[in-house]
Amino acid sequence: MRLPRRPRLLLPVAIALVAIVALFFLFSGIYTDYLWFDATNYTSVFTGVVLTQIVLFLVGAVLMVGIVGGNMLLAFRVRPMFGPAMFGGGSGADRYRMALDPHRKLIFIVGMGLLALFSGSSFAGQWEIWLKFVNGTSFGKQDKLFGLDISFYMFDLPFIRMVLNFLFTAVIISIVLAAITHYLYGGFRLQSPGVHASRAARTHLSVLLGIFLLLKAVAYWFDRFGLVFSDRGFVHGASYTDVNAVLPAKTILAIIALICAALFFAGVVRPGGMLPGVSAGLLVLSAILIGGVYPALVEQFQVKPNQQGKEAAYIQRNIEATREAYNVDKTEVENYNAESDPAKVQKDGDSSVSGVRLLDPALVSSTYEQTQRIRGFYSFGDTLDVDRYPDSTGKLVDHVVGVRELTGPPEGQNNWINRALVYTHGYGFVAAPGNQVDNSGQPAYDAKDMPVTGPLATSTKLQEPRVYYGEDPASAEYVIAGGNPKNPQELDYPKTGGTGQENTTYTGGGVRVGSFVNRLVYAAKYGEANILLSGDINDNSKILYVRNPRDRVQKVAPFLRLDGNPYPAIVDGRITWIIDGYTTSNDYPYSQSESFGDMTRDTSTDRRVIAQQPTDKINYIRNSVKATVDAYDGTVKLYGWDTNDPMLKTWSKAFPGIILPASKMSPDLRNHVRYPEDLFKVQRYTLSRYHMTDPAAFYNGSDFWNVPGDPTQGDKNIKQPPYYLTTTMPGTGGTPTFSLTTTFVPRQGGANLSAFMAVDSSAGSGYGRLRILRMPSNTPIPGPGQIQNSFQSRLAGQLNVMGVGSSSLRYGNLLTLPYAGGLVYIEPVYVQTTAGGGQEPYPILQRVLVSYGSKIGVGRNLEEALQEVFGGQQQTQPREEQQQTVPSQTNTAINSAIANAKKAYEDAQKALQTSPPNWDAYGEAQKRLEEALKALEGANAQQPKPSATPSATPSASPTATPSATPSGAATPSPSPTGSPTGGTG
């Protein structure tokens, strides 16, 4: 019974509709991508990538279908004339053939279509390999094993491997499908005693297997060059076994594979399976014995008993190649005696360290959040950034900076109009000098509020404070701006006193979304009908998306690996995001391959969300590009920074015109360029081993280093991050330089300091100069962890009393600086106290700790702490006089100091509980608390020291809460150690 005509038409109509809808969404994705690239003036990237992918797709699809389909058709055409009967009866294959034969054309077309789709897509996905191959630039250096230019391994060999993999896949699929076709149509039968095949089937399959072995011979030959990436030996690169056993084995196997291929081809003219069988067995046996067993024997019996001597030359190659590939071959290593006697530097003053940054960008983010967020729908990044700006005298000072970004509409108002049309942007640049705070311990902002005010905003001539493009997760969403120039509806900033809001209309770039077609495709892209229906969208409206600066640069420069920490700067009167771009590879011969994520992981990467990096393993890196994104209009610019990088030259040829010369950078932009964090982390990871250039010492590993754990964190296994700060390195004539610094400790045991490393981070002739100060090996120099322990144990009485009640201590970044022939450690200490008015707790700088040699100082600011260390000999009372002190007078002084401390603490808490907090009163109370604590220390110093533990001594309390004294006063009971995570001990 046949179906009526109308129901029979429903299926094809439904299929057609589904196809049309699918094609429309596919078109929408491609078209909106084109519109985005067109709006950013990078259509050459879009067309270059898309056209390359299309060509590779077609080539891959046509070649795969041609090879596989051609072999299937050939197998079908040479099927036996009399069918299966020629082998004496039918078989199980007959049933399959009879079922499939009526639909063979449809099955063939669909199968080849799917094969074309998958193979073409796979080939198109290798567009970067193709572009590097056709645009490859010479390195001008040869590898030590084959004497070939490095570019062969970086650009040519990956392409050769890609082609071989494609051909192997095509031939293997052809063999399988041709064999199935021959079987179905009677070309051969699996029956006793063995396989019975027609001459055509035998010839066809012999040729295919011969081609496979021919490809295997070629693969063996090029595998020889891949030995420069071997990980068989002590280090990466061709080892003794690779050079003396595997290399000749690969050559022999290539020759054997050629002979075997010839034997298979000979099977075409000589019937029987003896020659193919012999050749297959020969190849398998050779691969096992020559390619596997022989190298294993050499490794086990020649190399391992004498590894240091056998591998010395190859370790040397690895050391040289690794240092070149990671750009650390010019690192300057010098011995540093680290003189640690403060008395010898008393007259030197402290001018070179008095300007050190104290504000910790990871801690004061919450302070910025609570004091400068202003409204709940704004926020700052979890970790702020460090940059340089001039003070009132014109001297460059390290600043902690952030931008006030928009998180989205307030809770309860999160509708589409507010989300897409009203709450479109953040507002303002907030900055504070890193070396000073106000009287209450808060950042001394020189750019703040809305509209932006302050000396920094004036001196930098900030003209455009609006932030349409930023790092907040809300930037992942689109907004539609600029549609109402006569009746602005985009929230600019709230008016003072809650009397309303200032509105604005966006005038920057973006994709025009006023036309019906554009509205339709974006409605489809985002699944939002309001884009199509809203009356607030007109010809002036522009849709802004891909608003995260890092994502934006990645989209226009997909060949770059980007630094995980973009930072904002005021450049030529506008807020500009600066992002460092790297060219990376895992194909540099003899260089050590490592995980990029492992090399860059520390407490700073754990604190912020770092975008996932593609292809994690690398063994070559260059900071080739400095990219900028305008925070207002999203303009992206790429500046070629390392013009000697052959990879950058290669990509510049692939995408001509998109990378501008560094000479096009404005002087203001160059002033804010800094050495990138991720590159420095990669280099310090590398130099923890590769500061050693002698292969014997490298093999022994006696002087390998580690980056120390962050002493201010609870988990000591997380590395201490590098710190941006202005420091004076030895031999620079006393000139301070903006630097990125780190420390090293021994890899095997001990927390002593092994070395200090810094890189010049300011654009100029010294930019990128890596220097390592190696500590003496016969004198222990305390490392960051030991210094932190000293601070917490020796100053527990002064510090923990500040962390009682609703307050807690937070230790800031522990900075290490070379100073006057020694090393000075500086650490800020914050008190995090819940303020009034329902505000969340945030840290306030209250003390600065300084250590130099055996002396430790503490003060309300850096000058006081330095004075305590370098200002003169500490006065200590002789033991005999201490014992003659009248106990009653001492107890009176102690009780008085305790009472004063208690009163000052209570006054400080009351000042914080007001709304808004009374910071002047809080600062005055903190001064009185400090005076009382000093008086308490002085009185305690006069106490007689009994031989046994005195029962009258206040016991250490893990909670550091006030305990009652006989006089009725409350004294904070100090804990012997402070809490590194901001607890109360």
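A short note on the overall build of the protein
Helices and strands together make up the secondary structure of the protein, namely 28 helices and 35 strands. Residues counted as buried form 52% of the 985 residues belonging to the protein. Contacts spanning at least 24 positions in sequence make up 70% of the contacts within the protein whose residues lie at least 6 apart. On the protein, roughly 43,300 Å² of surface is accessible, and the fraction owed to carbon and sulfur atoms is 57%.

Some thoughts on the sheet that holds strand β14 (residues 511–512)
In space, the three strands of this open sheet follow the order β11-β15-β14, with antiparallel pairing throughout. The strands lining the two open edges of the sheet, one partner per strand, are β11 (479–481) and β14. As judged from the three bridges shared by β11 and strand β15 (residues 542–544), these two strands associate in the antiparallel manner. Along β15, the bridge assignment pairs I480 with I543.

Some thoughts on the side chain of D387
Inspection of the secondary structure puts D387 in strand β5 (residues 385–390). With a relative accessible area of 0%, D387 lands in the buried category. Polar contacts involving the side chain of D387 include one to the side chain of R388, which spans 3.3 Å. Setting aside chain neighbours within four positions, we find D387 in contact with V397, D398, H399, Y567, P568, A569 and H672.

Observations regarding the pairing of strand β26 (residues 737–746)
Walk down a regular strand and you will see the side chains alternate between the two sheet faces. Burial runs high along β26: eight of the ten residues are buried. Note: strand β24 (residues 705–706) against β26, two bridges, orientation antiparallel. Across the sheet, N706 pairs through a bridge with V745, a residue of β26. In this structure, strand β25 (residues 723–727) lies alongside β26, joined through five bridges in antiparallel fashion. Its bridge partner lying in β26, Y723 is registered against T741. Alignment of β26 against strand β27 (residues 755–760), held across six bridges, turns out to be antiparallel.

Structural notes on the confidence of the model for the protein
Per-residue confidence for the protein averages 85 on the pLDDT scale, and 85% of its residues sit at or above 70. Considering only residues more than four positions removed or in separate chains, one finds that residues 85–89, a stretch of pLDDT under 50, has ten contacts. Counting contacts from residues 945–985, a segment whose pLDDT is below 50, to residues more than four positions away or on other chains yields 76 contacts.

A few points about the pattern of salt bridges
Considering all chains together, one arrives at 22 salt bridges under this definition. One salt bridge in this structure joins R622 and D642, with 4.0 Å as the shortest N-O distance. A residue pair is termed long-range when its members are at least 10 positions apart, and R622 in strand β21 (residues 620–630) and D642 in the loop between β22 (636–640) and α19 (646–654) qualify at 20 residues. Summarising the burial analysis for this pair, R622 and D642 share the class buried.

Things to note about unusual backbone geometry
Here the bond from M450 into P451 is cis, since omega is -10°, no more than 30 degrees from zero. Within the secondary structure, P451 is located in the loop between β9 (429–433) and α13 (455–459). Even without being glycine, A820 reaches a positive phi, approximately 50°. Within the secondary structure, A820 is located in the loop between β30 (815–819) and β31 (822–833). Looking at A820, the relative accessible area reads 32%, which means it is partly exposed.

Things to note about the nonpolar core
Nonpolar side chains in soluble globular proteins tend to be buried together. Counting residues in hydrophobic clusters, the biggest one holds 151 residues, and the most contacted among them are F429, I480, Y522, L638 and F655. The element that contributes the greatest number of residues to this core is helix α6 (residues 150–184), accounting for 17 residues. Aside from chain neighbours lying at most four places away, what touches F655 is S44, V45, G48, V49, W127, L131 and F559. Grouped together as the second largest cluster of nonpolar side chains are 34 residues, L809, A911, A925 and A932 included.

Section: the packing of helix α5 (residues 127–135) against α6
Remark: α5 packs on α6, axes separated minimally by 8 Å, with the N-to-C direction vectors making an angle of 130°. On the basis of the axis angle, α5 is oblique to α6. α5 and α6 meet at a crossing whose hand is left-handed. For the pair formed by α5 and α6, the contact residues are I129, W130, K132 and F133 on the first element and M154, F155, D156, P158, F159 and M162 on the second. Looking at the contact of α5 with α6, its residues break down into eight nonpolar, no polar and two charged.

Side note on the sheet that holds strand β6 (residues 396–403)
If you trace the three strands from one edge of the open sheet to the other, you get β5-β6-β9, paired in antiparallel fashion. Of all the strands in the sheet, just β5 and β9 have a single pairing partner and so form its edges. This sheet shows a mean twist of 40° between the axes of neighbouring strands, independent of strand direction.

Considering the environment of K617
You can see K617 is positioned in strand β20 (residues 617–618). Once you skip the residues sitting within four places of it in the chain, K617 turns out to touch N586, S593, E594 and S595.

Quick look at the environment of Y389
Tracing the chain through its elements places Y389 in strand β5. Of the residues examined, Y389 reaches a relative accessible area of 1% and is grouped as buried. Taking the C-alpha atoms as reference points, Y389 and A432, 43 residues apart in sequence, are found 9.7 Å from one another. In contact with Y389, not counting residues within four places along its chain, are K395, L396, V397, H399, V401, F429, L456, T460, P568, A569, I570 and H672.

As for the pairing of strand β17 (residues 567–571)
The buried count for β17 comes to five of five residues, which makes it a mostly enclosed element. Of the two faces of β17, the one lined by Y567, A569 and V571 and the one lined by P568 and I570 are each fully buried. The pairing of β17 with strand β18 (residues 574–585) spans five bridges and is antiparallel. Considered in β18, the bridge of A569 is made with T576. What sits between the antiparallel neighbours β17 and β18 is a turn of two residues, in which D572 has the positive phi angle 55°.

Quick word on helix α16 (residues 549–556)
For α16, the complete set of buried residues consists of P549, R550, R552, V553 and V556. Buried residues of α16 fall within an arc of 160° about the axis and therefore sit on the same side. Where α16 begins, the side chain of N548 points an oxygen toward the backbone nitrogen of R550, at a separation of 2.9 Å.

As for the side chain of S239
Mapped onto the secondary structure, S239 falls in the loop between α7 (199–223) and α8 (240–266). Exposure remark for S239: the relative accessible area of 2% places this residue in the buried category. In contact with S239, other than residues within four places in its own chain, are R232, G233, E311 and Y314.

Things to note about the packing of aromatic side chains
Within the structure shown, the criterion is met by 48 aromatic pairs. Between Y427 and Y493, the aromatic rings sit 5.0 Å apart at their centres with planes inclined by 55°, giving tilted as the arrangement. Highlighted residues: Y427 in strand β8 (residues 426–427) and Y493 in strand β12 (residues 490–494), separated in sequence by 66 residues. Using a relative accessible area of 15% as the deciding quantity, one classes Y493 as buried.

Quick look at α19
Residues of α19 that are buried include every one of P646, M647, L648, T650, W651 and A654, and no others. Of the residues that open α19, the one with a side-chain oxygen 3.2 Å from the backbone nitrogen of M647 is D645.

So, the environment of P780
Take P780: it is sitting in the loop between β28 (770–774) and α23 (784–794). The exposed category is assigned to P780, whose relative accessible area is 59%. Put simply, P780 and A751 are 29 residues apart on the chain and 9.3 Å apart in space, counted from C-alpha to C-alpha.

Here we look at the packing of helix α2 (residues 43–77) against α5
Their axes nearest at 10 Å, the elements α2 and α5 cross at an angle of 100°. Considered as vectors, α2 and α5 are oriented roughly perpendicular to each other. On the side of α2, the interface is formed by V49, T52, Q53 and L56, while α5 contributes W127, W130 and L131. For the contact of α2 with α5, a count of residues per class yields five nonpolar, two polar and no charged.

A few points about a nonpolar patch on the surface
On the surface, a nonpolar cluster with roughly 660 Å² of combined accessible area is contributed by V284, L285, I288, L289, V293, L297 and F301. For L285, a relative accessible area of 49% corresponds to the partly exposed category.

About the thresholds
- Residues numbered from 1 in each chain as written.
- Predicted model: local features only at pLDDT ≥ 70, side-chain atom pairs only at ≥ 80, totals over all residues.
- Heavy atoms only, no water.
- Helix = DSSP H or I, 4+ residues; strand = E, 2+ residues; numbered from the N terminus.
- Buried < 20%, exposed > 50% of the residue type's maximum accessible area, 1.4 Å probe, protein only.
- Contact = heavy atoms within 4.5 Å.
- Areas by Shrake-Rupley, 256 points an atom, 1.4 Å probe, with all protein chains shown as cover.
- Pairing = 2+ DSSP bridges.
- Polar contact = N/O pair within 3.5 Å; in protein donor to acceptor, adjacent residues only side chain to side chain.
- pLDDT = per-residue confidence, 0-100.
- Salt bridge = Lys/Arg side-chain N within 4 Å of Asp/Glu carboxyl O.
- Core = buried A, V, L, I, M, F, W, Y, C linked by side-chain atoms within 4.5 Å.
- Axes fitted to C-alpha atoms, helices over the stretch in contact; angles between N-to-C directions.
- Parallel < 35°, antiparallel > 145°, perpendicular 65-115°, else oblique.
- Left-handed = near helix turned anticlockwise from the far one by under 90°.
- Nonpolar A, V, L, I, M, F, W, Y, C, P; charged D, E, K, R; others polar.
- Arc of directions from axis to C-beta.
- Phe/Tyr/Trp six-rings, centres within 6.5 Å; stacked < 30°, edge-to-face > 60°.
- Patch = residues over 30% accessible without salt bridge, like charges linked within 9 Å, V, L, I, M, F, W, Y side chains within 5 Å.

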